[in-house]
There are 2 protein chains.
Amino acid sequence: MMKNDAPAPLPLEPDCLPYLQQPVVLGLSGGRDSVALLHLLVQQGCAVRALHVHHGIRGAEADADAAFCARLCHELDVPFELQRVDVPALATEQGVSLETAGRHARRWLLAAAARRCKGGVVALAHHADDQAETVLFRLARGSAGLRGMQPVHVASGITWVRPMLSWRRAEITAWLRQMGQNWRDDATNAVADVARNSLRLEALPALNKALGRDVTPILGRSARLHAETIDALEAALQSLPSRDPQGRLYLPFVWQQPLALQKAIVRHYLQQNSVPDISEELVLAIVAILPADAPASRVNLPGNRQAARRERRLLITPA
Amino acid sequence: MMKNDAPAPLPLEPDCLPYLQQPVVLGLSGGRDSVALLHLLVQQGCAVRALHVHHGIRGAEADADAAFCARLCHELDVPFELQRVDVPALATEQGVSLETAGRHARRWLLAAAARRCKGGVVALAHHADDQAETVLFRLARGSAGLRGMQPVHVASGITWVRPMLSWRRAEITAWLRQMGQNWRDDATNAVADVARNSLRLEALPALNKALGRDVTPILGRSARLHAETIDALEAALQSLPSRDPQGRLYLPFVWQQPLALQKAIVRHYLQQNSVPDISEELVLAIVAILPADAPASRVNLPGNRQAARRERRLLITPA
């Protein structure tokens, strides 16, 4: 397969760049997004290794995906590893769908591969259209606000980076075509995702039309700003004089704050004390006992604990 | 017109309740939403007065709207005032659309009426479906995140309240029908709003379908939580030890903070110094000069001013 000269890629996520100096493991399905990311990482001069996970489903199709990935890595001189997983057996064992079992297996194998190369990070091929869909799904699940995927995050002791998070799906397609690079359609995640398709093909176009603009980059940008606001608040809460030397909430300070900040301080205090399932109602119930003249001074917490006001402090005690 | 016994209304916005003890001015168009709010305010025992603005367009239709409102207020024993405005003349004079001129005139007249009753507030009949549409429009305009209409806000020295902001359009319709109360269709704001209709009739249903749930209340709730996060951050920024006694940014504190909080501190400092048009780029440019060893120590600001680092402080000076 002859390739044209590689055209200049679009910019990568700036936050990811420092991590791309380290060994990078890429999950290469053979689909458009991971094929593009492989090229990008090679162009960046990364020490990249590709891992293809064969799911043990879709027979000859899946074998052809694996062969495509192996050949591409050989051409690009990238170390290639093939891992076979019996996803149907895993799905039965775990009592989850094939899709979920496949995703868990891939994440586990990628993390393990990153651990094997010292200081290794995992690169994920999510792009701006994935991001917009994720933002809307999370919004619908009722998480507060516009939370998106992060360009860099740490989980299971591994750093995961998403260098293509600002690229549009169409830009990736155009870039690969310019290079004369093909890809495998409907590769590993061929399970039809009805909700995502409906979002992509109906809801987002309808939103674009009604709002008179392309909302996909706006959703991504808003999610980033939202995350930044949350991070800024979290950091500010750490620096406020809201604790006494024993780490209890110091109420004469808290009393002076507007309600929104009182709520944030209480929520943050509960989080730091590992209180699970912190609901809006729980936070409000605790805010209500803060004033020195409040009739109640205790609120029950999950896990047999209590939030208690005592001598102008709020503390958490066994119930 | 005979009315059934009034069924119990849905709950009003809690934040509005204290303001409904004061004299309330309601803009009564005769449309469903303002007719419902009139009933609600009467049921709450508010000292409500209705103001109907005749826009000088739509001839006999508009006269019938005004007559409907006058009759309804008479039945409910609510003081009624009719104001005539020549909206076409205003639109020409101000060089704006009929719709914009009408909205400006209504807001101006409502504020004036509220000022005439001492301590008067203006009640607006926006509901949860309006809120969802507003949130999406503001999101598309690229304002950061999910900003919605507030249940209570102060503008032009007047307090504006939206007691029905949690009600759904369908709930308002059902409630009025239960009472046997009719309303004028397409009353004052009959100007076809293509974008809103497209959002309501196509985009929101498509979103609901793709996400498998009714996103309208979720958008309202997320907007409220977003506003609360912004308010909490704003209050926290006021309480942080980030200023010296002269009000300049005290950099040894700022340096210790993560980037997201540094940006928030700088943005807040610029806002408090009335710097207009504070862009993301401007904030980042200033964050870049904060470190003691940064090569540059000045950034130009709009209005012939500069942000300057000097002796571990950041201050704003004439350029």
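To start, this report covers the structure provided alongside it. (Residues numbered from 1 in each chain as written. Chains lettered and ligands numbered in written order. Predicted model: local features only at pLDDT ≥ 70, side-chain atom pairs only at ≥ 80, totals over all residues. Heavy atoms only, no water.)

1. A closer look at the overall build of chain A
Scanning chain A from N- to C-terminus turns up 11 helices and 10 strands. Here the C-alpha coordinates of chain A stretch approximately 80 × 50 × 40 Å along the principal axes. Burial status across chain A gives 50% buried among its 319 residues. Taking the contacts inside chain A whose residues are at least 6 apart along the sequence as the reference set, 65% of them involve residues at least 24 apart. Of the roughly 15,000 Å² of accessible surface on chain A, 52% is carried by carbon and sulfur atoms. (Helix = DSSP H or I, 4+ residues; strand = E, 2+ residues; numbered from the N terminus. Buried < 20%, exposed > 50% of the residue type's maximum accessible area, 1.4 Å probe, protein only. Contact = heavy atoms within 4.5 Å. Areas by Shrake-Rupley, 256 points an atom, 1.4 Å probe, with all protein chains shown as cover.)

2. Side note on the relation of the copies chain A and chain B
In screw terms, the move from chain A to chain B is a rotation of 180° and a rise of 0.0 Å along the axis, fitting with an RMSD of 0.1 Å. The transformation just described matches what one would write down for a two-fold rotation axis. The C-alpha atom lying nearest the rotation axis in chain A is that of L233 of chain A; the distance is 2.6 Å. Interface overlap between copies: 100% of the residues of chain A at the interface are likewise at the interface in chain B, consistent with a symmetric, same-surface contact. (Least-squares fit on C-alpha atoms with pLDDT ≥ 70 in both.)

3. Topic: the sheet that holds strand β1 (residues 24–27) of chain A
Backbone hydrogen bonds are what pair the strands of a sheet, in a parallel or an antiparallel way. Residues and elements named next belong to chain A. The 6 strands lie next to each other as β3-β2-β1-β4-β6-β5, forming an open sheet whose pairing is mixed. Either end of the sheet is taken by a strand with one partner, and the two such strands are β3 (80–84) and β5 (152–155). Shown here is a sheet whose adjacent strand axes are inclined to one another by a mean of 30°, direction ignored. Of the pairings in the sheet, the one linking β1 to strand β2 (residues 48–54) comprises 4 bridges and is parallel in character. Looking across to β2, one finds that V25 is bridged to R49. Each of β1, β2 and β4 (121–123) is contacted by helix α1 (residues 32–43), which is oriented at about 160° to β1, the strand it contacts most. Along the sheet face, helix α2 (residues 59–76) touches β2 and β3 and points at about 170° away from the line of β2. (Pairing = 2+ DSSP bridges. Axes fitted to C-alpha atoms, helices over the stretch in contact; angles between N-to-C directions.)

4. Brief notes about the side chain of D129 of chain A
Residues and elements named next belong to chain A. Looking at where D129 falls in the secondary structure, it is placed in helix α5 (residues 128–140). With relative accessibility at 10%, the residue D129 sits in the buried group. If sequence neighbours within four positions are ignored, D129 has contacts with W167, R168, R169 and T216.

5. Description of the pattern of salt bridges
Within the structure shown, the criterion is met by 38 salt bridges over all chains. Salt bridges here are not isolated pairs; linked through shared partners, they connect D129, E133, R168, R169, R196, R200 and D214 of chain A. (Salt bridge = Lys/Arg side-chain N within 4 Å of Asp/Glu carboxyl O.)

6. Side note on the interface of chain A and chain B
The interface is formed by 45 residues belonging to chain A together with 45 residues belonging to chain B. The junction of chain A with chain B conceals about 3,500 Å² of combined surface from both sides, 73% of it contributed by carbon and sulfur atoms. Linking chain A with chain B are 4 salt bridges. Taking the shortest distance from any N to any O, the salt bridge between K209 of chain A and E202 of chain B comes out at 2.7 Å. At the junction of chain A and chain B, the tally comes to 9 residue pairs in polar contact (both at pLDDT 80 or more). A total of 14 residues in the side of chain A that touches chain B trace back to one element, the largest contributor, which is helix α8 (residues 215–239) of chain A. (Buried area = accessible area lost by both parts, 1.4 Å probe. Polar contact = N/O pair within 3.5 Å; in protein donor to acceptor, adjacent residues only side chain to side chain.)

7. Comments concerning the sheet that holds strand β10 (residues 313–318) of chain B
All names here are of chain B. Read across the open sheet, the 4 strands follow the order β7-β10-β9-β8; overall the sheet is antiparallel. Each edge of the open sheet is held by one strand with a lone partner, namely β7 (249–250) and β8 (298–301). Alignment of strand β9 (residues 305–310) against β10, held across 6 bridges, turns out to be antiparallel. Paired with R310 across the two strands is R313, which belongs to β10. Along the sheet face, helix α10 (residues 259–272) touches β7, β8 and β10 and points at about 30° away from the line of β10. Across the sheet, helix α11 (residues 280–289) lies against β8, β9 and β10, angled at about 155° from β8, the strand it touches most.

8. Regarding the pairing of β5 of chain A
Residue and element names in this part refer to chain A. Pairing geometry for β5 and strand β6 (residues 158–161), over 4 bridges, is antiparallel. Counterpart to V152 in the pairing with β6 is V161. In sequence, β5 turns back onto β6 through a hairpin of 2 residues, with S156 there showing a positive phi of about 55°.

9. What about α11 of chain B?
An α-helical turn contains 3.6 residues, so a residue and the one three or four places further along point in the same direction. Residues and elements named next belong to chain B. Taken together, the buried positions of α11 are occupied by L282, V283, I286, V287 and I289. The arc that holds the buried residues of α11, viewed along the axis, is 165°, so those residues lie on one side. At its buried positions, α11 is contacted by α10, β8, β9 and β10. (Arc of directions from axis to C-beta.)

10. Digging into the environment of G220 of chain A
All names here are of chain A. One can find G220 in helix α8. Residue classification places G220 among the buried positions, given a relative accessible area of 14%. A sequence separation of 91 residues divides G220 from D129, and the C-alpha atoms of the two residues are 8.6 Å apart.

11. Considering the packing of helix α7 (residues 194–211) of chain B against helix α8 (residues 215–239) of chain B
Residue and element names in this part refer to chain B. Two elements in contact, α7 and α8, have axes whose closest approach is 10 Å; the angle formed by their N-to-C orientations is 95°. Considered as vectors, α7 and α8 are oriented roughly perpendicular to each other. Residues L204, L207, N208 and L211 of α7 form the contact with α8, whose participating residues are V215, T216 and L219. (Parallel < 35°, antiparallel > 145°, perpendicular 65-115°, else oblique.)

12. Some words on the packing of helix α10 (residues 259–272) of chain A against helix α11 (residues 280–289) of chain A
Residues and elements named next belong to chain A. Between α10 and α11, whose axes approach to 9 Å, the crossing angle comes to 110°. Regarding the angle of α10 to α11, the classification is roughly perpendicular. Between α10, through L259, Q262, K263, V266, R267 and L270, and α11, the contact on the second element is made entirely by E280, L282, V283, L284, I286 and V287. Its residues assigned to classes, the contact of α10 with α11 shows 8 nonpolar, 1 polar and 3 charged. (Nonpolar A, V, L, I, M, F, W, Y, C, P; charged D, E, K, R; others polar.)

13. Focus: the pairing of β3 of chain A
All names here are of chain A. Note: β2 against β3, 5 bridges, orientation parallel. What sits directly across from H52, in β3, is L82. As for the winding sense of the linkage, the β-α-β connection from β2 through α2 to β3 is right-handed. (Right-handed = clockwise from strand over helix to strand, strands pointing away.)

14. As for the side chain of Q257 of chain A
Position of Q257 of chain A relative to the elements: it lies in the loop between α9 (251–255) and α10. For Q257 of chain A, a relative accessible area of 8% puts it in the buried group. Leaving out residues up to four positions away in the same chain, Q257 of chain A has contacts with Q262 and I265 of chain A together with A235 and S239 of chain B.

15. A short note on the state of the cysteines
Residue and element names in this part refer to chain B. If you walk through the whole model with that rule in mind, you get 0 disulfides over all chains. Free of any disulfide, C73 has its nearest neighbouring cysteine sulfur in C69, separated by 6.6 Å. Given a relative accessible area of 1%, C73 falls into the buried group. (Disulfide = S-S within 2.5 Å.)

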